[in-house]
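# Chain and residue survey
As a plain string of letters, each chain reads:
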Amino acid sequence: MFQMFGVKGAGCPRCERKNGGDARYCAGCGLILGAPRNAPVLRENRWMAGPDELAVFFGVRELSGLFVKTLRVPATARAFILQGDKATEVPQGEYEIEGFFTRLNHLLRDQHAEILVTRTAALPVRFEFGDVHTAEHLPVHARFTVSLRIENVPAFARHFMTMPGTIGEAELRELLAHPVRQLAAEFVGARSIREMAGKRELREQLDERLQGGLKLLLAGYGLAVTAVDTLELRHDKFDANRARVGSLWLAADEKHVQIQHARHLDELYTAEEWNRIARAEQDLKLRQRRAELRQDEAIAKAELSLQGADRAHGVRARQIELYGRILEAQSREQAIRNGAAEVLAELEHERTQKSAARADEAAEWQHLRALAQVRMRAELEAARQEAVQTRQLAQQRFSQQLLQQQIRNKIEQARQIEDASRQHAELTRLRQDEAEAARRVRDIDEAEHVARHQALLLANDAHRREAERLQEWEDEQARQRIGDVRRGAGQADAQAQHDKLLRTIEADARLAEVQDLPRAFERAHELELARMEIARGESLAAMDDTAKLALAAAPNAALLNDFMKTRVHANMDADQLAALSSGKLSPAEAQALVREEQARREAEVDKDRRHQLDLLALQNDVNKAALASQAGLGAAIAQAGGRQCVHGHPARSEDRFCPSCGAALPLS
């Protein structure tokens, strides 16, 4: 700790005893020389920090030397005793020496110790900046309150307790002014004044950004940020004579700002002034791009001032913010509502230049989102590298400023040395240390300038990688389109081969049916002749015997004559037959002849009946064959001039599906 850094030869701030030139601790009370002259802590033994102090720390030669009076630790304070590498918290209350060491029995009363007195509540540190600019380069006046407390006592002691002293609001403001302003400038510079005027959640977002950034910076120093309050974000408009025209309160505490001070944004600026501001913003972006191009072309000659680098950082932060809004949007209209219309128009212009117009709106939007993602990735790479360098420089600057504060504190303590020659020597040594610390601060400033220069080079490399990634993405899209075309062509060829095979099968079927047409016509002719013969027979059966004999064909006329004669003889009795035979036959012979004639006639009748049955069977067979032939002929004719499915079933021209199997029909 700081037991080796006491101011030799100074007077004791507690008992005011004069000590020798080599003494580090007071010979009377054992207090380390150079301790802060805090009367409540050192003289009244009430361990509590002042109203604007975060911590008070000092040392004693022996821990028992604290109890010249009763020790009091109020409820508003926290006290720690450091011996070696251990920090012991002293609970609130009043202590006598014996009760103290009985309660904290691991402390050594005869050993030296360091005392840290801090606050129970966090210390609010106020910051005020008047030169923070928006995306349109409009100035904004900002006021913040950052509440700090000691979180890690060993880490705080390692960095701050290198010598007796106090840490108050002024010291913390000096240490944190640069990082707080940088974080605020990054946040405000990424947004337009109109966006900030229309968002109620602006204060919460800014508070979260400041708290998160300071937490990373102060984590290694034992400090913690408990809260950040944005008290005021105000834009003032001035005329040509620097007289205030009006103010716009972007974020303010209503308890401190009256409502009549608020001015609407459109009341401060006319449409012409907004156009001028927009042109100035575009000119700023163009100048930044030209500077990057000049930097890329002639690195040795290009230089950017810190102010210009800050503006470049603001432009990059603004671009990242707008690209993020495009990626979060689900459609072009939503991206425009989110305030990314300008960057969206730029991406659309680039897409139109590098690729043909697309009819599919969804595919076009995906293309724009891909462009925004590639650009945002490049900007994030540059911003990430710059953030790492900025964080390292901020930590170095913080450490050097802390060292400068300690040196100034030592100078103030050295002036308390009573020996003039020793005081002069000590002051000379401290002045040299102060000059060396100032030189290191200048080195840090130069390193920051070089880091800005390197960040610009990295940004140019990122832009080149952006172009390469964009070209790779477009090549991949082109390869995908070519693959899709090839796959579509292969599918089209396969479908064409399939259709060709179906047409070949259909043509073969039609050819076979056409070859069977003459045979079908012959069978139909035979069927028609058989039907005509059957009809003629039925007509003859309905006629009388004389007509049958007259119309019968010549070969059948004799047979029909004999048959009719036999039928007449069958109806005669024996006497008639005898008279017919003119007495040539006996009655017995005539009866025998009649019986023979009747048997012959019955045989003829049976034969005729069987012949009729055979004709009917033949007619049925012919009818079946004719119907089948006609059905096949109709199907052949229909297929020759109609459509069919993949299974060969016929279909009408207006059908979309096969009526037999339900298969889809090819378009004709």
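First things first, this report covers the structure right here in the doc. (Residues numbered from 1 in each chain as written. Predicted model: local features only at pLDDT ≥ 70, side-chain atom pairs only at ≥ 80, totals over all residues. Heavy atoms only, no water.)

## Let's talk about the overall build of the chain
Where we set the bar: Each helix corresponds to a stretch of at least 4 residues labelled H or I by DSSP, and each strand to a stretch of at least 2 residues labelled E; elements are numbered beginning at the N terminus. Computed with the Shrake-Rupley method and a 1.4 Å probe, the accessible areas treat only the protein chains shown as cover for residues.
When helices and strands are tallied, the chain shows 18 helices and 13 strands. Only carbon and sulfur atoms are counted for the fraction: they give 52% of the accessible area of the chain, which is about 37,900 Å².

## Overview of the sheet that holds strand 4 (residues 86–90)
Going by this rule: Note: two strands are recorded as paired if DSSP finds a minimum of 2 bridges between them. With axes taken as lines fitted to C-alpha atoms, and helix axes fitted only over the stretch in contact, angles between N-to-C directions fall between 0 and 180 degrees. Here, two residues are considered to be in contact whenever any of their heavy atoms come within 4.5 Å of each other.
Spatial ordering of the open sheet is given by 4-3-6-1-9, a layout of five strands whose pairing is antiparallel. The outermost strands of the open sheet, each flanked by one partner alone, are strand 4 and strand 9 (165–168). With direction set aside, neighbouring strand axes in the sheet form an average angle of 20°. Bridge count for strand 1 (residues 53–60) against strand 6 (residues 113–119) is six bridges, and the pairing is antiparallel. Paired with Phe57 across the strands is Leu116, a residue of strand 6. Across the sheet, helix 4 (residues 169–189) is in contact with strand 1 and strand 9; its angle to strand 9 comes to roughly 65°.

## Looking at the packing of aromatic side chains
The line we're drawing: Classification of ring pairs uses Phe, Tyr and Trp, with its six-membered ring standing for Trp, and accepts pairs whose centres are within 6.5 Å; under 30 degrees between planes counts as stacked, over 60 as edge-to-face, and the remaining range as tilted. Each residue gets one of three labels from its accessible area relative to the maximum for its type: buried under 20%, exposed over 50%, partly exposed in between, using a 1.4 Å probe on protein chains only.
Scanning the model with the defined rule gives 10 aromatic pairs in all. Ring geometry for Trp47 and Phe58: centres 6.5 Å apart, planes at 75°, overall edge-to-face. With Trp47 in the loop between helix 1 (39–42) and strand 1 and Phe58 in strand 1, this pair connects stretches of sequence that are 11 residues apart. Take Trp47 and Phe58: they sit in the same class, and that class is buried. An aromatic cluster is present here, built from Phe67, Tyr95, Phe100 and Phe101 joined pairwise through their rings.

## Describing unusual backbone geometry
Of note, the phi angle at Asn45 is positive, near 60°, even though the residue is not glycine. Unlike most non-glycine residues, His137 shows phi in positive territory, near 65°. In this structure, His137 sits in the loop between strand 7 (123–133) and strand 8 (139–150). The partly exposed category is assigned to His137, whose relative accessible area is 36%.

## A closer look at the pattern of salt bridges
Cut-off, in case you're wondering: Here, a salt bridge means any side-chain nitrogen of Lys or Arg that lies within 4 Å of a carboxyl oxygen of Asp or Glu.
Under the criterion given, the structure shown has 20 salt bridges. Of the charged contacts, one joins Arg72 and Glu94 as a salt bridge, the two residues approaching to 3.3 Å between their closest N and O atoms. Remark: Glu94 occurs in strand 5 (residues 93–95) and Arg72 occurs in strand 2 (residues 71–73); sequence separation between them is 22 residues. The structure contains a network of salt bridges with shared partners spanning Arg143, Glu232, Arg234 and Asp236.

## Some remarks on the nonpolar core
Put simply, the rule reads: Here, the term nonpolar core denotes a set of buried Ala, Val, Leu, Ile, Met, Phe, Trp, Tyr and Cys residues that are joined through side-chain atoms within 4.5 Å.
Among the nonpolar cores identified, the biggest contains 54 residues, and Leu116, Phe156, Phe160 and Leu176 are the most heavily contacted of them. Ranked by residues supplied to this core, first place goes to helix 4 with eight residues. With near-sequence residues (within four places) excluded, Phe160 lies in contact with Phe57, Ile167, Leu175, Tyr221, Leu223, Phe398, Leu402 and Gln406. Residues Val56, Phe100, Leu107 and Ile115 belong to the second largest nonpolar core, which totals 30 residues.

## So, the state of the cysteines
Condition: Criterion for a disulfide: a pair of cysteine sulfur atoms within 2.5 Å.
Inspection of every chain in the model, using the stated rule, returns zero disulfides. With no disulfide of its own, Cys26 lies closest to Cys15 among cysteine sulfurs, the gap being 3.3 Å. A residue is classified by how much of its surface remains accessible, and Cys26, at 0% relative accessible area, is buried.

## Section: the environment of Ala185
The topology assignment puts Ala185 in helix 4. On the accessibility criterion, Ala185 (25% relative accessible area) is partly exposed. Considering only alpha carbons, one finds Ala185 and Asp131, 54 residues apart in sequence, at a separation of 8.8 Å.

## A few points about the pairing of strand 7
Where strand 7 meets strand 8, nine bridges bridge the pair, whose relative direction is antiparallel. Across the sheet, Glu128 pairs through a bridge with Arg143, a residue of strand 8.

## Description of the side chain of Arg325
For clarity, the cut-off: Identification of polar contacts relies on pairs of N or O atoms within 3.5 Å, with a donor-acceptor requirement for protein atoms, meaning one able to donate a hydrogen and the other able to accept it, and with residues adjacent in sequence counted only if both atoms are side-chain atoms.
Note on placement: Arg325 falls in helix 9 (residues 306–328). Within the local environment of Arg325, its side chain forms a polar contact with the backbone oxygen of Asn338, the two atoms lying 2.9 Å apart. Those residues in contact with Arg325 that lie beyond four places of it in its chain are Arg191, Glu195, Lys199, Arg318, Asn338, Gly339 and Ala340.

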